[in-house]
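A look at the structure
As a plain string of letters, each chain reads:
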Amino acid sequence: MKEAKENLALLEAQLGGKSFFGGDTPGYLDIAACALGPWIGVLEEVTGVALLDADEFPALCQWARDYSSSEALRPCLPDRDRLVAYFTENKEKYKTFAKATLHQ
């Protein structure tokens, strides 16, 4: 968990007040970091476990919202309701994984 937080801190620092890692539009690094976009929010919603703390990583949390709502990326993103349905079916498995990850 310590290493994950250190890596998230590196990403947080790279945003430096920008909407996306490269500036005002999504680029390669944004796509590479896409697991922090719509997927993490869905996992947090389904499990009830906060994986990305807004107090600790405010720029990354804002980036995730910007990424998920980007008109340029919208055609490439899965439907949020379908993601919620998928993860809800496996809720206990993901909840156990998320809690185990947080307590390491």
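Details of the structure are given in the entry above.
Read on for an overview of the structure. Keep in mind the model is a prediction, meaning the values are calculated, not measured. (Residues numbered from 1 in each chain as written. Predicted model: local features only at pLDDT ≥ 70, side-chain atom pairs only at ≥ 80, totals over all residues. Heavy atoms only, no water.)

Description of the packing of helix α1 (residues 2-15) against helix α4 (residues 58-69)
Here is the rule: Each axis is a line fitted through C-alpha atoms, taken for helices only over the stretch in contact, and angles between the N-to-C directions span 0 to 180 degrees. Strands here mean DSSP runs of E at least two residues long; helices mean DSSP runs of H or I at least four residues long; both are numbered from the N terminus. We call two directions roughly parallel when the angle between them is under 35 degrees, roughly antiparallel when it is over 145, roughly perpendicular when it lies between 65 and 115, and oblique otherwise. By the convention used here, residues are in contact when the closest approach between their heavy atoms is within 4.5 Å. Three categories are distinguished: nonpolar for Ala, Val, Leu, Ile, Met, Phe, Trp, Tyr, Cys and Pro, charged for Asp, Glu, Lys and Arg, and polar for the others, with Gly belonging to the last.
Put simply, α1 and α4 touch, their axes get as near as 8 Å, and they point 75 degrees apart. On the basis of their axis angle, the class for α1 and α4 is roughly perpendicular. Here α1 contributes Leu8, Leu11, Glu12 and Leu15 to the contact with α4, which in turn contributes Pro58, Ala59, Leu60 and Trp63. For the contact of α1 with α4, the residue count by class is seven nonpolar, no polar and one charged.

Topic: the packing of helix α3 (residues 38-47) against helix α5 (residues 80-89)
Put simply, the rule reads: Handedness of a crossing is defined here by the sense of rotation of the near helix relative to the far one, left-handed for an anticlockwise turn of less than a right angle and right-handed for a clockwise turn.
Two elements in contact, α3 and α5, have axes separated by 9 Å at closest approach and are oriented at 50 degrees. Comparing the axis directions of α3 and α5 gives the class oblique. The two elements α3 and α5 meet at a crossing, and its hand is right-handed. Contacts between α3 and α5 involve Trp39, Gly41, Val42, Leu43, Glu45 and Val46 from the first element and Arg80, Leu83, Val84, Phe87 and Thr88 from the second.

Coordinates in, geometry out; function isn't part of it.
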